[in-house]
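Observations on the three-dimensional arrangement
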Amino acid sequence: MSHHTDAPAGDAKPINIAFGLERLGLWALRVPLLAALLFAALAVGAGFGVSRISVDDSLSQLFRSDDPEFKQFEAVTQRFPSNEYDVLVVVEGKTLLERDNLDKLRSLVTDLQLVDGTRGIISLFSARAAPENGQIPAPLFPETLPEGDAYKALIDKIRGNDIIRGKLISDDGTLALVVLSLDPAVTQSTRLDGIVGDIRKLMGEDLAGSDLHGELSGVPVMQLEIRNAVERDRLLYNTIGFVAGCLVAILFFRRVSFMVVAAGPPLVAILFALGCLGWLDFKLNMFLNVMTPLIMVISFSDSMQLTFAARDRLIAGESKAQAFRNAIIVVGPACVLTHATAALSFTALMFTKSELIRTFGEAGLISTVIALVTVLTLAPVLGVLLVRGDMTRIGDAKGSDTGVQALRRFCAWIAHGMVARPGLYSLVGIAVVAVLAFFYANLEPSYRLADQVPDKEQAVQASGKLDNKLNGANPVDVYIQFPAGADLYSPETLGVIDQVHDTVEAQGGIGNVWSLDTLQRWLSQKLGKDDVATLKQYVDLLPAHLTQRFVAKDHEAVLVSGRVPDHDSSRLLPIVDKLDAALNPIRAAHPGYKIAVTGLAVIAARNSSTMIEKLNHGLTFEFLLVAAFIGLAFRSVIVFLASILPGIFPVVLSGAVLWWTGGGLQFISVVALTVSFGLGLSATIHFLNRLRHEDDEHYDADPAVAVERATVLMGPALILTSAVLACGLAVTVFSDLPSLRTFGWLSAFAMMAALVADFLILRPTISWLRLHLRRPAPPAGMALQSRAAE
């Protein structure tokens with residue numbers, strides 16, 4: 001390798017890559033006691049803010065937007081609100097239809113009607129016999145269950161009843177569904193936990209002594225399980241994050257004071273950020289629940305870098321104030337830049353259609369700013385107040401530096417190997433990224449409702465049984481709005497409902513279809529004629545909470561509702577599209593009637609794939625944007641070019657792993673990769689910043705020597721912080737929420753991949769670029785002036 005005496009492009013005069021923002025820490029360093037009192041006061045206010053945080057457990061939150069289709073879904077939900085407030089009681093047993101078991105089931109249904117907050121209940125015991133001689137239809141089940149042949153005849157009637165067969169009882173007679181409609185106010189209150197607990201208690205008591213087994217599902221139960229999981233996870237993440245940060249800090253610093261300096265600012269940043277989000281009325285959800293480990297990750301990296309730098313200065317004999325001042329001046333600009341790139345990543349999420357993801361981006365941006373200010377100001381304050389600067393103990397620190405020295409030897413070995421043949425290793429890096437990008441590009445979007453709900457609880461298990469035996473629990477609704485003045489029982493209106501019902505039933509993949517036409521067909525079959533008066537009488541006889549499931553209270557709209565299993569949205573979308581197309585002839589024949597396919601499953605199928613693809617395209621654009629931002633901050637084309645591959649590598653490698661394991665590209669996957677991309681560049685920025693300082697101090701050094709020296713100085717801190725970042729993100733794998741587990745392992749993997757890219761791709765790439773693109777060195781006088789200015 002030839003030796004050059006060139007300085008890197010743009011280094012003819014000293015530059016500040018953070019535009020002086022790092023000097024915020026110098027203010028706190030001048031008045032440490034006042035700053036400590038201010039932090040204490042802010043902590044009290046933040047504590048009150050944290051207590052204000054609530055949980056948003058809505059299952060539709062991911063697709064909430066100003067889109068007309070979602071607004072229509074919300075309007076239909078308010079007009080026909082039953083699905084949002086239904087607790088589904090799933091009772092299963094091979095001997096379900098035996099007399100004793102059926103009697104126990106009826107006792108359970110009777111007791112459930114008395115549960116606090118219940119508006120109504122629907123079960124197979126709600127069924128009535130066909131009307132006879134114009135009389136009010138009698139209940140299908142007599143008050144006392146018959147015995148012998150009479151009981152067998154009753155069972156035959158149950159199995160043959162079109163109203164309940166395949167809808168409230170499975171065709172094989174082994175599963176029954178009881179729909180418990182709750183008051184809407186109950187589902188949004190703290191009473192829901194107690195009410196669901198009462199339902200479970202009644203199931204256990206009333207089904208005791210039989211082989212029947214009951215489980216709960218439905219939106220309220222899923223919301224409760226999400227709420228409990230989110231609150232449980234928050235406590236878990238805070239505890240594990242705190243312990244992990246403290247352990248790593250004490251392991252390598254060997255002094256409690258340094259541990260507090262390194263781990264204290266991230267913990268305070270978490271308190272301040274969550275407190276601020278609480279005062280701003282942000283609500284915890286499946287995305288915001290990862291904010292705690294993210295804040296820990298964002299702030300701990302830079303806190304460790306500042307502590308390492310100050311510690312080295314103290315070991316060199318500087319005073320506490322001077323050591324932390326120099327740490328802020330040297331490392332602070334990189335801290336500002338790493339937070340800026342993380343902020344850009346969060347900002348990119350604010351341009352999506354999903355209100356949930358936009359909110360996550362806003363919360364992440366706010367938290368990043370708070371974390372930056374907290375780390376820059378609190379770390380030096382803690383250092384000056386807590387670290388003892390006597391020479392004896394600092395000398396002891398030198399003697400106990402075994403772990404750090406071992407890491408530095410490892411970094412030197414890696415760096416020497418990478419810069420020995422920079423051209424070859426750079427080409428290998430390009431080839432590897434290209435291959436991985438091919439696999440990443442072949443990832444298909446994926447979304448399932450079950451991925452948003454704790455999979456170790458009852459709701460998902462019960463929903464799976466409904467998928468198998470009653471064709472699913474996810475509604476696909478066709479909303480029919482009548483023209484002004486049209487009557488519900490007019491021939492045209494009933495004809496439209498009949499045609500839509502036929503179309504939905506004929507659509508493959510949709511089953512368990514309910515509508516006003518279901519009742520009309522059953523009456524027509526039993527009476528042998530279409531009698532509108534009898535239909536109206538029967539509708540008026542039914543409880544309001546039942547009829548309003550398919551007939552609006554004002555009789556100006558109806559629903560035709562089917563059910564689909566909880567399949568991936570890519571399987572549901574063709575079903576929805578075919579159904580929508582099949583309804584076009586009815587729309588054309590009856591232009592006054594508004595006919596629309598809606599429901600959460602429909603919204604998810606139509607929007608998830610598009611939204612995921614847009615997020616993914618945004619991530620691709622972010623690659624170049626962030627690399628250009630870093631290059632602009634360093635005023636260097638070399639830095640811009642060198643930072644592209646290390647930034648892309650962890651994303652495409654993680655995507656390739658998803659492809660190899662058969663996983664699709666989920667919302668949480670794209671968010672994890674977007675955030676990890678911004679965080680993973682932390683190591684790149686800190687190394688480039690150290691390399692800039694090496695060039696300022698050693699103009700006559702070989703470019704490869706400067707790279708090796710910067711790697712040895714920064715490598716141990718980079719390795720330690722990357723390990724802590726990965727551990728901080730990996731704690732989410734303990735969550736009961738599948739989406740958060742995916743976020744956890746994918747983010748942790750991407751962080752470690754970023755470290756690999758930093759050592760094995762950035763080192764040879766920056767060495768090759770500096771070898772061929774550097775400008776001539778400035779005059780010696782300029783070099784001396786640069787060092788003096790620094």
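The structure displayed is predicted, hence computed values, not measured ones. (Residues numbered from 1 in each chain as written. Predicted model: local features only at pLDDT ≥ 70, side-chain atom pairs only at ≥ 80, totals over all residues. Heavy atoms only, no water.)

Points about helix 7 (residues 191-206)
As a reminder of what qualifies: Secondary structure elements follow DSSP: runs of H or I of four or more residues count as helices, runs of E of two or more count as strands, with numbering from the N terminus. Here the expected span of a helix is defined as 1.5 Å times the quantity of residues minus one. For each residue, the accessible area found with a 1.4 Å probe, counting protein chains only, is set against the maximum for its type, and the residue is called buried under 20%, exposed over 50%, and partly exposed in between. Think of the arc as the fan of directions from the helix axis to the C-beta atoms.
Between its first and last C-alpha, helix 7 extends 23 Å over 16 residues, near the 22 Å set by a 1.5 Å rise per residue. Along helix 7, the residues that are buried comprise Leu 192, Ile 195, Val 196, Ile 199, Leu 202, Met 203 and Asp 206. Projected onto a plane normal to the axis of helix 7, the buried residues spread over an arc of 115° and lie on a single side.

What to know about empty space enclosed by the protein
Convention followed: Using a 1 Å grid laid over the protein atoms alone, points where a 1.4 Å probe fits but cannot get out form a cavity; open sets with protein on both sides within 12 Å along at least 5 of 7 lines form a pocket; any residue with an atom within 4 Å of a point counts as lining. Grid points are joined across faces, edges and corners, and a volume is the space filled by probe spheres set on the points. Charged residues are taken to be Asp, Glu, Lys and Arg, nonpolar residues to be Ala, Val, Leu, Ile, Met, Phe, Trp, Tyr, Cys and Pro, and polar residues to be all remaining types, Gly included.
This structure, assessed with the given rule, holds 13 cavities of 30 Å³ or more. Lining the largest cavity are 18 residues, and of these Ile 163, Trp 514, Leu 519, Leu 542 and Leu 546 sit closest to its centre. For the lining of the largest cavity, the element with the most residues is helix 18 (residues 516-527), which contributes three residues. Partitioned by chemical class, the residues of the lining of the largest cavity number twelve nonpolar, five polar and one charged.

Remarks on the pattern of salt bridges
What counts is decided by this rule: A pairing counts as a salt bridge when a side-chain nitrogen of Lys or Arg comes within 4 Å of a carboxyl oxygen of Asp or Glu.
Evaluation of the coordinates by the stated rule reveals 22 salt bridges. When the shortest N-O distance is used, the salt bridge between Lys 469 and Glu 92 registers 3.5 Å. One end of the pair, Lys 469, is in helix 16 (residues 458-469); the other, Glu 92, is in strand 2 (residues 86-92), with 377 residues separating them in the sequence. Judged by its relative accessible area of 22%, Glu 92 is partly exposed. Between Asp 498 and Arg 521 there is a salt bridge whose closest N-O contact spans 3.3 Å. Here Asp 498, found in helix 17 (residues 491-506), pairs with Arg 521, found in helix 18; they are 23 residues apart in sequence, far enough to count as distant. On the basis of relative accessibility, which here comes to 27%, the residue Asp 498 falls in the partly exposed class.

Quick look at the nonpolar core
The nonpolar side chains of a soluble globular protein tend to be buried, and buried together. As a reminder of what qualifies: Residues belong to one nonpolar core when they are buried, are Ala, Val, Leu, Ile, Met, Phe, Trp, Tyr or Cys, and are joined through side-chain atoms within 4.5 Å. Whether two residues are in contact is decided by their heavy atoms, any of which lying within 4.5 Å being enough.
Counting 245 residues, the largest nonpolar core has Leu 102, Phe 360 and Ile 480 as the members making the most contacts within it. Here this core gets 16 residues from one element, more than from any other, and that element is helix 23 (residues 600-634). Every residue in contact with Leu 102, bar those within four places of it in the chain, is listed here: Leu 96, Leu 97, Leu 124, Phe 125, Phe 141, Leu 145, Tyr 151, Ile 155 and Ile 158. Counting residues in each nonpolar core, the second largest holds six residues, with Val 76, Ala 552, Ala 557 and Leu 559 among its members.

Examining a nonpolar patch on the surface
The following threshold applies: In this analysis, a patch consists of residues with relative accessible area above 30% that form no salt bridge, clustered at 9 Å for like charges and at 5 Å for the nonpolar side chains Val, Leu, Ile, Met, Phe, Trp and Tyr. Note on areas: Shrake-Rupley with a 1.4 Å probe; residue coverage comes only from the protein chains shown.
Where nonpolar side chains cluster on the molecular surface, the patch consists of Trp 27, Val 31, Leu 34, Leu 38 and Leu 42 and spans about 430 Å² of accessible area. Along the polypeptide, Trp 27 turns up in helix 1 (residues 24-30).

Re helix 25 (residues 644-660)
For helix 25, built from 17 residues, the straight-helix expectation of 24 Å at 1.5 Å per residue is met to within 8% by its first-to-last C-alpha distance of 24 Å. Taking burial as the measure, the 17 residues of helix 25 include 15 buried ones, the bulk of the element. Residue Gly 662 follows helix 25 closely and has a positive phi angle near 80°.

Structural notes on the packing of aromatic side chains
Rules: Geometry of aromatic contacts follows a simple scheme: Phe, Tyr and Trp rings, the Trp one being its six-membered ring, pair when their centres are within 6.5 Å, and the pair is stacked under 30 degrees between planes, edge-to-face over 60, tilted otherwise. Throughout this description, the term charge over a ring refers to an Arg CZ or Lys NZ atom that lies within 6 Å of the ring centre and within 35 degrees of the ring normal.
For the coordinates displayed, the defined rule picks out eleven aromatic pairs. Site record: aromatic cluster; members linked through ring pairs are Phe 438, Phe 439, Trp 659 and Trp 660. Just above the ring of Phe 687 sits the side chain of Arg 763; from NZ or CZ to the centre is 3.7 Å. In this structure, Arg 763 is placed above the aromatic ring of Phe 759, and the distance from its NZ or CZ to the ring centre is 4.8 Å.

Concerning unusual backbone geometry
One non-glycine residue, Asn 512, lies in the positive phi region at around 55°. Structurally, the position occupied by Asn 512 is in strand 8 (residues 511-514). Look at Arg 635: it is not a glycine, yet its phi comes out positive at around 55°. For Arg 635, a relative accessible area of 37% translates into the label partly exposed.

Some details on the environment of Gln 223
Within the secondary structure layout, Gln 223 lies in helix 8 (residues 219-253). The sequence separation of Gln 223 and Pro 454 amounts to 231 residues, and the corresponding C-alpha distance is 9.8 Å.

A word on the pairing of strand 10 (residues 594-598)
For a regular strand, the rule is simple: side chains alternate between the two faces of the sheet. Cut-off, in case you're wondering: For two strands to be treated as a pair, DSSP must find no fewer than two bridges joining them.
Among the five residues in strand 10, four count as buried, and that is most of the element. When strand 7 (residues 474-481) meets strand 10, the two strands line up antiparallel, connected through five bridges. In the strand pairing of strand 10, Ile 480 is matched with Ile 595.

A word on the environment of Thr 610
Residue placement: Thr 610 occurs in helix 23. According to the relative accessible area criterion, Thr 610 is partly exposed, its value standing at 35%. It is 8.4 Å that separates the C-alpha atoms of Thr 610 and Pro 445, two residues lying 165 residues apart in sequence.

What about the sheet that holds strand 3 (residues 118-122)?
Defined as follows: For every element, the axis is a line fit to its C-alpha atoms; helices are fit only across the contacting stretch, and the angle between N-to-C directions ranges from 0 to 180 degrees.
Strand order in the open sheet formed by four strands is 3-4-2-5, and the pairing between neighbours is antiparallel. The sheet is open, and its two borders are formed by strand 3 and strand 5 (213-217), each paired with just one other strand. For this sheet the average axis-to-axis angle between neighbouring strands, irrespective of direction, equals 20°. Pairing between strand 3 and strand 4 (residues 175-182): four bridges, direction antiparallel.

Topic: a negative patch on the surface
Stated formally: Charged residues are defined narrowly, with Lys and Arg counted positive, Asp and Glu counted negative, and His plus the chain ends left uncounted. Where a charge lies is defined by one atom per residue type, namely NZ (Lys), CZ (Arg), CG (Asp) and CD (Glu).
Among the surface-exposed residues, Glu 98, Asp 100, Asp 103 and Asp 211 lie close enough to one another that they form a single negatively charged patch. Among the secondary structure elements, Asp 211 is positioned in the loop between helix 7 and strand 5. Residue classification places Asp 211 among the partly exposed positions, given a relative accessible area of 41%.

So, the packing of helix 23 against helix 25
What describes two packed helices is the angle between their axes and the distance between those same axes. What counts, and what does not: Any angle that is under 35 degrees is reported as roughly parallel, and any over 145 degrees as roughly antiparallel; angles of 65 to 115 degrees are reported as roughly perpendicular and all others as oblique. In this scheme, a crossing is called left-handed if the near helix is turned counterclockwise away from the far one by less than a right angle; it is called right-handed if the turn is clockwise.
Between helix 23 and helix 25, the least distance of the axes is 9 Å, while the angle of their chain directions is 150°. One element, helix 23, and the other, helix 25, form an angle in the roughly antiparallel class. In the packing of helix 23 onto helix 25, the handedness of the crossing is right-handed. Counted together, Leu 619, Phe 623, Leu 624 and Ala 627 of helix 23 and Ile 644, Gly 647, Ile 648 and Val 651 of helix 25 form the full contact between these two elements. In the contact of helix 23 with helix 25, the residues fall into seven nonpolar, one polar and no charged.

What about the confidence of the model for the chain?
The cut-off we apply is this: As a per-residue quantity, pLDDT reports the predictor's confidence and falls between 0 and 100.
Across the chain, pLDDT averages 82, with 89% of residues at or above 70. Mean pLDDT across the secondary structure elements of the chain bottoms out at helix 29 (residues 780-789), with 40, and peaks at helix 22 (residues 584-589), with 95. Throughout residues 391-399 the model reports pLDDT below 50, and contacts reaching past four residues in sequence, or to other chains, amount to eight contacts. Contacts for the low-pLDDT stretch residues 778-790, under 50 throughout, to residues beyond four places or in other chains number 16 contacts.

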